[in-house]
Amino acid sequence: MEAQRSETEVRLEVNRCIRTISTSRDAVEVVASLRTLAGYLPDGPHARASASEREEFDRAHYTMVLKVLVGGLHADWRQRLTSAEHTELWGAFFLQGPPDQALLVIMDCIGTIGQSSGQDKMVDILELYLQNGRVGALLWSRCQGPGSPDSPQLRETLLGRMVSLPDLMANRLYPHNRPLFLSAQYYSLLAQEFKFALDKTCKALKDGQDCSLRFVAQLLGKTCVQGHSEHLFKDLVPHLSASTRSDMVWQRVCWRLMEDIPDRWMESVVTGLVQVVTGPAALARILGNLVVKNKKSQFVLTHKLLLLQYKYETCVLRTLLGYLAQDRERRPLLIQVLRALCQAWSSSSSVRHTPVEQQLYLSRALLLCVSLLSEAELQELRAELMQCMLGGMQCHLDSNVVRIRRIGMVVGECLSSRLNTQEARLKFEYEQDEETKELVSMMDPFPPEDAVLTDRLDTLQISHCSKDKEMGSPEEPVTLTSHLESQGPPADKGSDSELDSDDELTPYDMSDDREMTKSAPPRYIRDCLEGLIFSEDPTRVELSLQAAEGLVRKNPSAAREVSVELTKVLLHLEDKYSTPSFLALRQAAMVALAVVDSIPVAEYLTTEFYSVNYSLRQRMDILEVLALSAQELSKPIAEQGRPSLPPSAAVTLVDPQSVPSNWRQVVEQRIQSKTRRFGKSGAPAPVTATPNRYASVAGFFFFPLLQSYDRPQVTFDLLGSDHLVLGRLVHTLGLLMHLAVNAPVATQMGRSLLDFVWAIRYHTDQVVRQGVLFSVCAVFLSMPGQCLLAELSDHLLETRAWLAAHFPTDHF
Amino acid sequence: MARPPPTPLFVLRGSGAPINTLHFSCQEPSSALLFSGSGKGAIHVWNLHTRRAERVLEGHGGSSIVWVNTIGSKETLISQARDKRLCTWNLSEGRSDVTQSIFTGSVGFCQGSVMEMHPQRWLLAYPAEDMEELVELPSGVPVCSLKPDAKLGMLMCVKLWQPDGGCGPMLLAGYEDGSLALWDVAQRQILSRLTTHPEPLLCLDFDPVGLRGVSGSAERAVSSWVLDGQQNLQLRDTVELVNPGISQLRLRMDRRILASAGWDHRIRLFSWKKLKPLAVLQYHTDTALCVTFSDHKDSRLGLMAAGSKDQRISIWSVYNDS
């Protein structure tokens, strides 16, 4: 009865005031009405309403009043108010009533009215609203009680407004946006308000009050899903991590918060959190056993972050896997993750179809996982890990990409050393670089002090932050530089004084100081051949090999007599004595032979390429020699004759004695050398036409290689498992095609090459596909334009379609 | 264009055996002498004016001479040979008598080292079976024997030196395992050890003023090391040679030039300050076994001698202009 009465009273009074404010032009009257209304506000000089009256006012009339106030933005009476009165009677309404309704009204108002002084006014109010911590009050008001009764629609609107405030404001206010509404600032403010609300919640729980975190969780989720998790968590997470360390209530609040996040937003929250949090312990304190309870988060944490995405830093992986490993309930998930990683790592299709970066990421995760296993678990999983290691290494080593092979080796080594503590371990020879070192470092156990340290950091950060606010901390950079300066100079003292006296002693010519050899190098090509065939003496073989290229080039006619035989010997030569730079010397000699006596040597090499009983290495050598010799042949002859002489030496031979006889010439030269002409990039070197030696023999290099690629042999299956050679073959063919530009035979070559690559354009190996692309480019670049349409009209359309369909998606 | 490398000043032939060791005695320029020890047990005394062998001393029963040195003047000679004996000779007034003979027991190639402690008293270090022995000369009183605790292998080379500041004499010793040890003779203990080479250490020389030394081995590198204030040996830099194997390293008395005798028949010269290669001297046709600098008082007359397995001694005059 009492309530009924007060309700009516309040309604009558408020309605009267509203009517006065909206219709009256008398400022005194309006101010009186405003004062009356202000009486319903919770605090302030005019507060006089009882609790039940105020409640009724908040529930039914507050929004109405605010709307009227907003509607009176341009009314005359507003001009008459002093600024103090204005704050007191107008602004106070927005800052003291229920914060959710106020926010909605303010935002609506800014959204609807255009740029004007009224809008400025509202923006000011919004700024004040944010600065006065009304958002925190809003959150806290939603935390209280067993759960807010309001409609889902209202809640959604409120969430939307709160989360996208920076966007809304930017849209409305551009270009006069306020710094507070920029996303970085706004979300860190939001983080502060989160802290405030959660703090209050904790205190309330300790006092035995019921709280609900649903709204806060929803706000968190929505903010994260809109991509602002970074700004939000940057401030929030260190605080959470520090607070949860000692306070059990805080931990429970955090867990509850995480559990209350709706499933559709779970992923973005968890992902954002994992990236920001430092160390597995902190993550465990914040998340609790969420990963066990919530299917969505389990999927994200154990599957998506590890197997589907690969952009995260190693420390994120460490945090995540460490989190899984920490608790008994979560431990089965670690095993499950390990199984999934093993499967992914050892699947040949994933090795072939995923980028190297993802392989690397997977390998990191796998090694981290293995390093986290206990001995008992290791014994249990031994067979599976062994299977994974063997299968995975096979498909990694099978790959054409050096990085993937190396990853395979490193992971294999690490796994085997973890599995067999006593027995033989795998050991590969690979070049150490940053990547391999990082991979190996994954096996290092987690630093035990890590958790403590990061926590200490957290608290430090927090205290530091608060200090920063107080004094702005300008001293840090200064101390840093002074530290640097004090360390700088004493690096090397007294080296100057030593320099002078050393200069007095001028060195003698030391060019004669060469390696001593026991026997003399062969003088004739046949001696060289004999040395390579019969000699058991390492030095003689080495000398013969070193001399071979020079001898071939010096006396081409003699070389032609034995060219094929010498090629055969070189092709079969093994590095029995581990001669230094054996491969390079052998290759140089074979290239020289192929250049000097092109047709027979090319015929021999191309037939041998498809014959039985060669190793992959030898077949690749053949291709390399063909490519290099074709390259050399296609260069203009002028450069020939002194192929090994460095250009500087060639210059000094001519220059010093050639004194120009005529003084005019000298003057001319000087003027020329000192004149700079704009718009003219130096005189172009005179081009002298020289016959292309490759043009006439290109066919001998090219066509035999295309003859029998589809006839698999016992030891060599080009279209099957030996895709390594196939990739090289396609590249070589492309190169031979490219070098044959302007040759008469280019048209036929291009046609055959396109036919050939057409069959393998969807090969599974990316190196082969790269080669195909290269070959196609070479064909289009090298074939004469007029023939292109006439000869290849049927191919052209198909190729174009293939390129268009294939190029954007394939990761070459 | 760099100058062509110098040729020998003159060559001493006729020893009839590989030259294992050389020692100058040029205190009086009028009668400058060069002692050489051959692989057949003969010690030749060469007159550097007539360029002939003045005398030939045979006292080790035909076994290879490892080391010759003089103490005090050119009248007293020490020779060490592979008959496990070390002899002191009196050569004054045309005599050639063995005055003292010490049994060393060492069959290795390690050369001894001698240092003047007080006027007319010398300290001699020589290799014994698996230790270094120190003896005072001319009295022949044993001072001590230094035996390493750890197993370092055979002794390969030694160098005695007297540090400034009144400490007792120090001894640098190179061992078969490629390590180098600094012994304090007074305390009979190793002060510092440093592994300078993976192969046995074959030769070393040390600059007591700059506290810097070099060592050579069967490999391509010459290592240089320093002795810091705490008597610790520290590796500095290495110089890569073209061919492996160094028989001997010698520092000239003015501490400017370092010479190396290489297995590749060549004598190499380096500036001592930075170990900058200065010259490669090619004359010998077989392994160079030893190289030494003369002790001329006038540095302009300074000579360098190199002995080789090809039985010749080449005499050079290098970097004497300033």
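- Chain B is annotated in an unreviewed UniProt entry as Guanine nucleotide-binding protein subunit beta-like protein 1-like of Scleropages formosus.

1. Digging into a nonpolar patch on the surface
All names here are of chain A.
Thought 1: A cluster of nonpolar side chains, namely W663, V667 and I671, defines an oily patch on the protein surface of about 320 Å² accessible area.
Thought 2: Note on placement: I671 falls in helix α36 (residues 663-674).
Thought 3: A relative accessible area of 48% means that I671 is categorised as partly exposed.

2. A look at the interface of chain A and chain B
Thought 1: Listed by partner, the interface residues are 17 residues for chain A and 25 residues for chain B.
Thought 2: Between chain A and chain B, a total of about 2,100 Å² is buried, with carbon and sulfur atoms accounting for 52% of that surface.
Thought 3: Across the chain A-chain B interface, the total number found is two salt bridges.
Thought 4: Of the charged contacts in the structure, one is a salt bridge between D513(A) and R266(B), with a shortest N-O distance of 2.8 Å.
Thought 5: Taken together, the links from chain A to chain B amount to six residue pairs in polar contact (both at pLDDT 80 or more).
Thought 6: Partitioned by chemical class, the residues of the side of chain A that touches chain B number six nonpolar, three polar and eight charged.

3. Topic: the sheet that holds strand β21 (residues 233-240) of chain B
Paired through their backbone hydrogen bonds, the strands of a sheet run either parallel or antiparallel.
Residues and elements named next belong to chain B.
Thought 1: Here four strands make up an open sheet; going across it, the order is β18-β19-β20-β21 and the pairing antiparallel. With partners counted over all chains shown, the strands left at the sheet margins are β18 (201-207) and β21, one partner each. Strand-to-strand twist of the sheet, defined as the mean angle between neighbouring strand axes without regard to direction, takes the value 25°.

4. What to know about the packing of aromatic side chains
Thought 1: Summed over all chains, the structure comprises nine aromatic pairs over all chains.
Thought 2: Pairing Y694(A) with F701(A) gives two aromatic rings, centres 5.8 Å apart and planes at 70°, and the pair type is edge-to-face.
Thought 3: Note on F701(A): relative accessible area 0%, which makes it buried.
Thought 4: In this structure an aromatic cluster arises from ring pairing among Y40(A), F57(A) and Y62(A).
Thought 5: Between R761(A) and the ring centre of W758(A), over which it is positioned, the NZ or CZ distance is 3.6 Å.
Thought 6: The ring of W272(B) has R212(B) lying over it, and the distance from NZ or CZ to the ring centre is 4.3 Å.

5. So, the pattern of salt bridges
Residues and elements named next belong to chain A.
Thought 1: The tally for this structure, following the rule as stated, stands at 34 salt bridges over all chains.
Thought 2: The partner of D100 in a salt bridge is R142, and the shortest N-O contact between them spans 2.7 Å. Of this pair, D100 sits in helix α6 (residues 99-112) while R142 sits in helix α8 (residues 134-143); the two residues are 42 residues apart in sequence, bridging distant segments of the chain.
Thought 3: A relative accessible area of 15% means that D100 is categorised as buried.
Thought 4: In this structure, R364 and E438 form a salt bridge, with 3.1 Å as the shortest nitrogen-oxygen distance.

6. Description of the side chain of H228(A)
All names here are of chain A.
Thought 1: Topologically, H228 is positioned in the loop between α12 (214-225) and α13 (229-246).
Thought 2: Classification of H228 as buried rests on a relative accessible area of 12%.
Thought 3: Those residues in contact with H228 that sit more than four places away from it in its chain are Y187 and T223.

7. Topic: the pairing of strand β12 (residues 132-137) of chain B
Residues and elements named next belong to chain B.
Thought 1: Counting buried positions along β12 yields six of six residues, so the element is predominantly enclosed.
Thought 2: A two-sided burial pattern is seen for β12, the buried positions comprising E132, L134 and E136 on one face and E133, V135 and L137 on the other.
Thought 3: One ladder, built from six bridges, connects strand β11 (residues 121-127) with β12; its direction is antiparallel. The partner of P127 across the bridge, within β12, is E132.
Thought 4: Between β11 and β12, which pair antiparallel one after the other, the connecting turn spans four residues.
Thought 5: For β12 and strand β13 (residues 141-146), the ladder comprises five bridges, and the chain directions are antiparallel. Paired with E136 across the two strands is V141, which belongs to β13.

Criteria and thresholds
Residues numbered from 1 in each chain as written. Chains lettered and ligands numbered in written order. Predicted model: local features only at pLDDT ≥ 70, side-chain atom pairs only at ≥ 80, totals over all residues. Heavy atoms only, no water. Patch = residues over 30% accessible without salt bridge, like charges linked within 9 Å, V, L, I, M, F, W, Y side chains within 5 Å. Areas by Shrake-Rupley, 256 points an atom, 1.4 Å probe, with all protein chains shown as cover. Salt bridge = Lys/Arg side-chain N within 4 Å of Asp/Glu carboxyl O. Helix = DSSP H or I, 4+ residues; strand = E, 2+ residues; numbered from the N terminus. Buried < 20%, exposed > 50% of the residue type's maximum accessible area, 1.4 Å probe, protein only. Contact = heavy atoms within 4.5 Å. Buried area = accessible area lost by both parts, 1.4 Å probe. Polar contact = N/O pair within 3.5 Å; in protein donor to acceptor, adjacent residues only side chain to side chain. Nonpolar A, V, L, I, M, F, W, Y, C, P; charged D, E, K, R; others polar. Pairing = 2+ DSSP bridges. Axes fitted to C-alpha atoms, helices over the stretch in contact; angles between N-to-C directions. Phe/Tyr/Trp six-rings, centres within 6.5 Å; stacked < 30°, edge-to-face > 60°. Lys NZ or Arg CZ within 6 Å of the ring centre and 35° of its normal.

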